[in-house]
Amino acid sequence: MPILEHPAYPPATLLCLESLVPCRESQVSMLLSIFGERQQLSFPSIFIYGHTSSGKTYVMKTLLNTLQLPHVFVNCVECFTSRLLLEEILIQLQNHSSETRRASPVPCDTFNDFVRLFKQALVSQNLQDQTVYVVLDRAEQLREMEANILPAFLRLQELTDRNVTVILLSEIVWEMFRPNTGCFEPFILYFPDYSIGHLQKILSQNHPPEYSADFYSAYINILLGVFYMVCRDLKELQHLAALNFSKYCEPVVRKEAKERDTRKLWKNIEPHLKKAMQTVYLREISSSQWERLQCEEGELGQIKGLSAHAHVELPYYSKFLLIAAYLASYNPVRTDKRFFLKHHGKIKKTNFMKKHEKTSNHLLGPKPFPLDRLLAILYSIVDNRVAPTANIFSQHLYKDLLTLISQ
Amino acid sequence: MAVTQICMTMVQKMLRERLCHHRAMGKLFGIDQQYKHLLELLKQTTVCGESNSALIIGPRGSGKTALLNRVLKDLREMKQVKENLLEVHLNGLLQTNDKVALKEITRQLHLENVVGDKVFGSFAENLAFLLEALRKGNRTSSCPVLFVLDEFDLFVHHKNQTLLYNLFDISQSAQTPVTVIGLTCRQDILELLEKRVKSRFSHRRIYLMNSFAFKQYIRIFKEQLSLPAEFPDKAFAQKWNSNIQLLTEDKTVQDILQNLFHYSKDLRSLNFLLMLAVSNVTVRHPLITASDLQEASKQYRMDSKANIVHGLSVLEICLIIAMKHLNDVYEGEPFNFQMVYNEFQKFIQRKAHCMYNFEKPVVMKAFEHLLQLELVKPIERPSVRSQREYLLMELLLDNNQIMDALQAYPNCPTDVKQWAASSLSWL
C-alpha cells in the first residue's frame, strides 16, 4: 500500500520517490500536500529545521528532482556574500532548461536588481505558470549577510509578484533568525531525528553483497550499542560502520568463527570500537591511517591519537620554566610571598577569599602573568644558582615554551 | 457523494489564492473606516489635484498592504481616475540607499531615456527634473503621482533621510500633485524622523490595529473558507459551505481558534492555519474536519527548542542537565566547559550505573555540537588567547523547557532522569 499519493503526479514516480526516502514518508507527504499541483500557489516561504543529517537537504533534493519541479538549489556557505548568492540563483535559473552551463554570470549587486532579473529569467525560461522553488541550504549564514537579505527572501513572492516559494533549511531554530522589527513569518516544518529503529534500518541498507543482511544487521546493532549514547548523527555512524566492518569480518574470513557466533565476533570487535571512539571519531587520526593500523594487526595499545604525541621530553631549564609558568598562572599574586620566600612573615588570617574566588582556580582557567613574575618564581624553585647567562639561554627556551604551549 | 478531481483542483486553487496570495482580493475585515479615509485621500489627489502625505501604521500582518492595494484597485476602476494616476512603488528592503531609490523612481516613471546621461548636482535637482519631465509629457496639467513606500522605517535609516525629505518637500510645495503614502510596522516612526522631515510631513496617520473581537474572528474564519456563489459545482459548494457552518459551531474548533486568537490576532496567522487544513483536502477526504484543524494547530504551535532537545544523544542531555545544575547553584552566572565537565564527572562517579565514563575529548565533541546548535552561546567572541575549555558561556534553555523535554525524551536512562530532578542537597 503506497504511502505517498497525490493527484498531480503519476503513481509510478511517487513509488520511486518513496523508495528513495526511507523513514521520511510523513515529511514528504506533508511537503507534497503543501506544494499542491504544479501551478497552484503555496506558502511564500517555508523554514525547515532539524538535526544534522536528519535528511533535510537529501529529501528536498530528491523530491524536487524526482518530481521534476523547477527549482534552484543554493548552499549559503558556498555563496557567503549576497552578491555570490544572488548571482548563483540567477545562473541556475538561466541554465534550467539548457544542459550546458553558460559562462557569463549576470552581474547582480543589490536585491533590487535581483528582483528585476529574476522576473526576466522566469519569462525567458517559460516558467510563469509553475511554482518555482528557491531552496537555500545552511540558511543560518543569511544572518551574517546584509540585514535586508533574509526579510527580502521571505517575501520574495510578494516582491516579484510571481509564483515562487522560498525554502530555507537549517539546524538552528527559527527564534534565532527573527529580525528585531519582525518579518514575514514562514511556515515552519520540523524534520524529526531518526529513532534507533530508523537508524538501524537505514544503516542496514548499505550491506555489502558478500554477506547476508542479518549478519550486517547484527554488526550495526553492536555499533549502535557502543556509539548511540554519544552520537546520533547518521553520517558519522555511516562512516564508522564502513571503516570497522572489515575488522568485524576478520574472524569469519580467517575461519575462526561462523557468521552466527555473535559472542566471538563481539569480543573481537569491542575493544576496537572503543579505540575508534578515542581516535577516528574525534578525527585525531585519519580514516586511511586507521585502516592501515587495522591491517598491521599490532597491539591495540600502539594506536595513539594526536594528543598523545604532545608529550615531549624537555631539557632541564625548560621543565622548571613550565612548572614556574603553571604556578604563576594558577596561584593568586598575594600568595607568592608566602610560598616562594625563604623568610616570610605570617599572613594574617583575613577573609581574603572573596565570593567569586571560591570556585577553584582550576575551573576558571589559567590567568595571564608578567614575565618578571615567571622569572622570579623560576629563580626561587630551581635549587642551584641560576647563572645570569642562563637568563639569556632561558629566553630562547621561553620562546620554545611559548610555541609548545600555544599548540 | 462522489467528488471529481477537477472540482477538488478548483477548490484548492481558489482557496490557496485567497489564503496565500499577497494581494488579498477578497473581503477586508474590520477596517472599513480606514478604507474610506484612504480612498477619500487618494481621490482628493487624483480628482482635485491636492498634494498629500500619510502613514499607514500597524503591526505585521494587520493588512496594510492589502488595504492599500484594494483602495488602488477600486480607484483605478473609477471613471475620473482611469489612467490619470502615476504610481511609484518603493520598498525599504529593495532600495537600500537613496541612489538606488532614485534610479528605481526613474525606471518606474519610464523616464530613463529622458534622463539619459545627465549628471545632477543634488537629489532635489534630479527629482525636480523628473517631475518637470512628467509635466512636459502631459500638456495641459500635470498628472498626479503617487509614491508608495513600503517598509517606511527602513528609509529612515538612509543617510540624511534625503529621499524622505525631498518627497515630503515636494508634496508640500510643488505644482505637481504628489501624494506620499508610507507603510510601516513601527509605532514610534515619528520619533525616528528628523526634525526637518517631520515638519514637512502632514502628520496624517491611519492605524490598523487588528481591533476585532472573538465573535468577529469566528465570522472571518467562516468567510475565508466559504466557497463563493459563482463556484461551478453548485451542489458541492453548498455541501462545503454547510460543513464550514458546522465547524464554526463545533466546540473543539472554537477552542482552537480561541487559542490562536489569544496568541496572535492578525489575520495572517489565521490564513496560515487554514492553508494547512486546506492542503489536506483530497478526493478521498473532500471536507475539512475538526481533526484537520487540530493537526494544523498542533503543527503550528510546536516548541522548536523542545524538538531539538528531543534529538540529542544521551551524553549531550547529561551535559545540559549539568549546566542546569550549575545555573541553579550559581544563580545564572556564566560557566565554562571545565565546570560542566566537573559536574558531569561528579554524576558519573557517584550516581551513574548505566553511563560509561567517556574521555574528555569525546565530551568536548558533544559540547561543541551543542554550541553548533546554538543551545549554548559564548558570552564574548572567542579570541585566540583564551583556551576553548575556559571560554564563558550561557545556556539558552530554561529549566521548564529542559524538564518538559526530558519527559518526552525516548528511552531516557532512569539515572539521568533522577539526576535532573534532584535538588542541590546531594552536592
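Conventions we followed
Residues numbered from 1 in each chain as written. Chains lettered and ligands numbered in written order. Predicted model: local features only at pLDDT ≥ 70, side-chain atom pairs only at ≥ 80, totals over all residues. Heavy atoms only, no water. UniProt positions renumbered as here; feature names shortened; annotations may be inferred. Helix = DSSP H or I, 4+ residues; strand = E, 2+ residues; numbered from the N terminus. Contact = heavy atoms within 4.5 Å. Axes fitted to C-alpha atoms, helices over the stretch in contact; angles between N-to-C directions. Parallel < 35°, antiparallel > 145°, perpendicular 65-115°, else oblique. Left-handed = near helix turned anticlockwise from the far one by under 90°. Nonpolar A, V, L, I, M, F, W, Y, C, P; charged D, E, K, R; others polar. Expected span 1.5 Å × (residues − 1). Buried < 20%, exposed > 50% of the residue type's maximum accessible area, 1.4 Å probe, protein only. Polar contact = N/O pair within 3.5 Å; in protein donor to acceptor, adjacent residues only side chain to side chain.

The name an unreviewed UniProt entry gives chain B is Origin recognition complex subunit 4, with Gallus gallus as the organism. Recorded in UniProt under Subunit (unreviewed entry), the annotation for chain B is "Component of ORC, a complex composed of at least 6 subunits: ORC1, ORC2, ORC3, ORC4, ORC5 and ORC6. ORC is regulated in a cell-cycle dependent manner. It is sequentially assembled at the exit from anaphase of mitosis and disassembled as cells enter S phase. Interacts with DBF4. Interacts with POLQ." According to the UniProt record, the Function (unreviewed entry) comment for chain B reads "Component of the origin recognition complex (ORC) that binds origins of replication."

Chain A is annotated in an unreviewed UniProt entry as Origin recognition complex subunit 5 from Gallus gallus. Regarding chain A, the UniProt comment filed under Sequence similarities (unreviewed entry) reads as follows: "Belongs to the ORC5 family." The UniProt entry for chain A carries this comment under Function (unreviewed entry): "Component of the origin recognition complex (ORC) that binds origins of replication. DNA-binding is ATP-dependent. The specific DNA sequences that define origins of replication have not been identified yet. ORC is required to assemble the pre-replication complex necessary to initiate DNA replication."

Asks: Can you break down the environment of lysine 119 of chain A residue by residue, with the values?
Replies: All names here are of chain A. Looking at the element boundaries, lysine 119 is found in helix α5 (residues 111-124). Each C-alpha atom, one on lysine 119 and one on valine 134, is 14 Å from the other, the two residues being 15 residues apart in sequence. Excluding residues within four positions of it along the chain, lysine 119 makes contact with Thr160 and Arg162.

Asks: Account for the packing of helix α14 (residues 267-279) of chain B against helix α15 (residues 290-300) of chain B, with residues named and values stated.
Replies: All names here are of chain B. Put simply, α14 and α15 touch, their axes get as near as 8 Å, and they point 125° apart. As far as their axial angle goes, α15 and α14 are oblique. Both α14 and α15 take part in a crossing whose hand is right-handed. In this structure, α14 uses Ser269, Phe272, Leu273, Leu274, Leu276 and Ala277 to contact α15, whose residues at the interface are Leu293, Ala296, Ser297, Gln299 and Tyr300. Considering only residue class, the contact of α14 with α15 consists of eight nonpolar, three polar and no charged.

Asks: Provide a residue-level description of α14 of chain B, including the pertinent values.
Replies: With 13 residues, α14 of chain B should cover 18 Å at 1.5 Å per step; its first-to-last C-alpha distance of 18 Å lies within 8% of that length. Of all 13 residues in α14 of chain B, twelve are buried; the element is thus mostly enclosed. Leu267, Ser269, Leu270, Asn271, Phe272, Leu273, Leu274, Met275, Leu276, Ala277, Val278 and Ser279 of chain B are the residues of α14 of chain B that are buried. Where α14 of chain B is buried, its residues touch α2 (25-35) and β5 (187-190) of chain A together with α1 (5-20), α11 (214-225), α13 (251-263) and α15 of chain B. The residue sitting at the N-terminus of α14 of chain B and contributing the capping side-chain oxygen is aspartate 266 of chain B; that oxygen lies 3.2 Å from the backbone nitrogen of arginine 268 of chain B.

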